[in-house]
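Spelled out from the first residue to the last, the chains are:
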Amino acid sequence: MSLLVLGLDHRTAPVDVRERLSVEREQLPDALTQLSEYVPQAAILSTCNRTEVYVYDPDDIGLVGRVGDFMIGYSGVPGPELERHVYQLWETDCVSHLFRVAGGLESMIVGERQVLGQVRASFSAATEGGHTKSPLTRVFHSALRAGRRVHRETSIGQHSRSVSRAAVQLARGMFDRLDARRALVIGAGDAGRMVARALADAGVSQITVTNRTQWRAEELAKELGGVATPFENLPQALSEADLVISSTGSPGYVVDAAMVADAMAQRTAADPILMIDIAVPRDIDPGAGDLECVRLFDIDALGQAAEINLDSMQGDIRRAADIIDSEVDRFVEWWNSSDTMELAVSMRQRADAVRRQEIDRTLKLLGADPDGELAARLDAMTNALVKKLLHRPTAELRSSDSAAIYPAARRMFGEDPSGGRRRGRR
């Protein structure tokens, strides 16, 4: 086998494990370079809900172990602990999984669109670093097409809520009126921007944005009609906020429990403060949730609180699954064709090599000129003979039933009858 995904997600691992495996976008080039020491082709997909390593290697010996060694070395998570949470999917199961991820069917909130952009970013990073080529390139191109089709041909995205919008729904459930509340958004990256826009759409007019890069905070605040505050003013901004949503790419806590305790002591209002941490790794110290009048939700708790009724989505989910299946079939058709065409070319090349060897041997036995008329006639005759003999086998390999005869043909004509490259067929 040669196509593999090794990963973990919100179903198999809690956030405290996922955050240790998380790879931020700016870290992807270095991580992929390290991974290239273990496998020839790879891409890393890392979001708040999952970290997955997609690889291709014709030599599948020890492939799971090699990818696992990379994940252990990169994250520092011990092997036994990692084994409890990771899954491995091979061949068409790997392909189908990525297609479902791109279509939002494997998301914590089914149908969310953000993951499609994350798959695209993952593929771009791997491509720019020279870490992918066919067939892994084809897998990702096909996954992006499948994801676009799901959102274009179904209404699954209309039923879903992105993580940021789910956070707003949680705020609505805690506060009577959002327009009377003060919101603090920590982080002006993609996730922070979506959260801020969702808050503004919900009616929050008092929005403060803070970010380590000040101009980004100012840009987002201007866009939303809010205000930006320097990152060093974060403690004061906390004391003035009713709602805090944090989504930075920091590797450690941006807000610790002591900072929250100090902020609560400065507050004049007795109302609780709602803190929603959608970052992985987490931005807010979980200990802050133990403080009085603090309601803290991390990404996993948010997913549970924002769970929606899937009954109304079943029709769209089935249609999305059908689209995924059709795209997987399309990929497998290409994959099998690629296999058989490669074998057909290999058969022709090997036959031609044998033909030339026999011509040379015959010319030497006869003492004939290798550039003479006899050599030319032998070359033309044997070339025509090889073409006629291989015409039928080649045509059969190109037929729609090639999958049935491919294994036997590979054993008879392949370069590696004992091992060979095996590719999953449905």
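Residues numbered from 1 in each chain as written. Predicted model: local features only at pLDDT ≥ 70, side-chain atom pairs only at ≥ 80, totals over all residues. Heavy atoms only, no water.

This part is about the overall build of the protein chain. A tally of regular secondary structure across the protein chain gives 17 helices and ten strands. Relative to its 426 residues, the protein chain shows a buried fraction of 50%. When contacts within the protein chain are restricted to residue pairs at least 6 apart in sequence, long-range pairs at least 24 apart make up 73% of them. Put simply, the protein chain shows about 20,300 Å² of open surface, and 49% of that area lies on carbon and sulfur atoms. (Helix = DSSP H or I, 4+ residues; strand = E, 2+ residues; numbered from the N terminus. Buried < 20%, exposed > 50% of the residue type's maximum accessible area, 1.4 Å probe, protein only. Contact = heavy atoms within 4.5 Å. Areas by Shrake-Rupley, 256 points an atom, 1.4 Å probe, with all protein chains shown as cover.)

Each neighbour pair has its own omega, and for serine 134 with proline 135 the value is 10°, a cis peptide bond. Within the secondary structure, proline 135 is located in the loop between helix H6 (114-128) and helix H7 (136-153). Phi angles above zero are rare outside glycine, and glutamate 91 is one such case at about 50°. The backbone of cysteine 293 sits at a positive phi, close to 70°, despite the residue not being glycine. Following the sequence through the fold, cysteine 293 ends up in the loop between strand S9 (273-277) and strand S10 (294-297). Judged by relative accessible area, which is 28%, cysteine 293 ranks as partly exposed.

Attention now goes to a nonpolar patch on the surface. On the surface, a cluster of nonpolar side chains totalling about 330 Å² of accessible area is made up of Leu365, Leu366 and Leu374. Relative to the helices and strands, leucine 366 resides in helix H15 (residues 314-366). Assessed through its relative accessible area of 57%, leucine 366 is described here as exposed. (Patch = residues over 30% accessible without salt bridge, like charges linked within 9 Å, V, L, I, M, F, W, Y side chains within 5 Å. Salt bridge = Lys/Arg side-chain N within 4 Å of Asp/Glu carboxyl O.)

Each strand in a sheet pairs with its neighbour through backbone hydrogen bonds, running either in the same direction (parallel) or in the opposite one (antiparallel). Strand order in the open sheet formed by six strands is S7-S6-S5-S8-S9-S10, with parallel pairing between adjacent strands. The outermost strands of the open sheet, each flanked by one partner alone, are strand S7 (227-228) and S10. Sheet topology note: the strand S6 (residues 206-210)/S7 ladder contains two bridges and is parallel. Paired with threonine 208 across the two strands is valine 227, which belongs to S7. (Pairing = 2+ DSSP bridges.)

Spatially, the four strands line up as an open sheet ordered S2-S3-S1-S4, and their pairing is antiparallel. The strands lining the two open edges of the sheet, one partner per strand, are strand S2 (41-46) and strand S4 (87-90). If you compare each strand with its neighbour and ignore which way they point, the axes differ by 15° on average. Where S2 lies against strand S3 (residues 50-56), six bridges are found, and the strand directions are antiparallel. Counterpart to serine 46 in the pairing with S3 is threonine 51. (Axes fitted to C-alpha atoms, helices over the stretch in contact; angles between N-to-C directions.)

Let us now look at the nonpolar core. Counting residues in hydrophobic clusters, the biggest one holds 59 residues, and the most contacted among them are Ile44, Tyr54, Val67 and Val119. The dominant element in this core, judged by the number of residues it contributes, is H15, at eight residues. Setting aside chain neighbours within four positions, we find valine 67 in contact with Leu4, Leu6, Val39, Val53 and Val55. Grouped together as the second largest cluster of nonpolar side chains are 35 residues, Cys48, Ile109, Ala167 and Leu243 included. (Core = buried A, V, L, I, M, F, W, Y, C linked by side-chain atoms within 4.5 Å.)

Time to look at the pattern of salt bridges. Counting across every chain of the model gives 26 salt bridges. Between arginine 11 and aspartate 9 there is a salt bridge; the shortest N-O distance is 3.8 Å. Look at aspartate 9 and you get buried, because its relative accessible area is 3%. With a closest N to O distance of 3.9 Å, aspartate 242 and arginine 181 form a salt bridge. Residue aspartate 242 is located in the loop between helix H12 (234-239) and strand S8 (243-246), and its partner arginine 181 is located in the loop between helix H9 (163-174) and strand S5 (182-186); the two are separated by 61 residues in the primary sequence. Just as aspartate 242 is buried, arginine 181 falls in that class too.

What follows is about the environment of arginine 216. Along the chain, the position of arginine 216 falls in helix H11 (residues 214-224). Along the chain, arginine 216 and alanine 228 lie twelve residues apart, while their C-alpha atoms are 9.0 Å from each other. Apart from residues no more than four positions distant in its own chain, arginine 216 is found in contact with Ala188, Gly189 and Asn211.

In this section: the environment of valine 64. Tracing the backbone through its elements, the reader meets valine 64 in helix H3 (residues 63-75). Under the relative-accessibility criterion, valine 64 is labelled partly exposed at 24%. Separated by 59 residues in the primary sequence, valine 64 and valine 5 place their C-alpha atoms 8.9 Å from one another.

What describes two packed helices is the angle between their axes and the distance between those same axes. Viewed as axis vectors pointing N to C, helix H5 (residues 91-102) and H7 meet at an angle of 40°, and their least axial separation amounts to 8 Å. Between H5 and H7, the crossing angle belongs to the class labelled oblique. For the crossing formed where H5 meets H7, the hand is right-handed. In this structure, H5 uses Val95, Leu98, Phe99 and Ala102 to contact H7, whose residues at the interface are Val139, Phe140, Ser142, Ala143, Ala146, Gly147 and His151. Classifying every residue of the contact of H5 with H7 gives eight nonpolar, three polar and no charged. (Parallel < 35°, antiparallel > 145°, perpendicular 65-115°, else oblique. Left-handed = near helix turned anticlockwise from the far one by under 90°. Nonpolar A, V, L, I, M, F, W, Y, C, P; charged D, E, K, R; others polar.)

Moving on to the confidence of the model for the protein chain. Regions with low pLDDT should not have their predicted coordinates read in detail. On average, the protein chain scores 86 in pLDDT, and the residues at 70 or more come to 89%. Note on residues 416-426: pLDDT under 50 across the span, and 31 contacts to partners over four residues away in sequence or across chains. (pLDDT = per-residue confidence, 0-100.)

Right, let's talk about the pairing of S8 for a bit. Successive side chains on a regular strand alternate, one facing one side of the sheet and the next facing the other. The alternating pattern of S8 places Leu243 and Ile245 on one face and Val244 and Ser246 on the opposite face, and all of these are buried. One ladder, built from four bridges, connects S8 with S9; its direction is parallel. Bridge pairing in S9 places leucine 243 opposite leucine 274.

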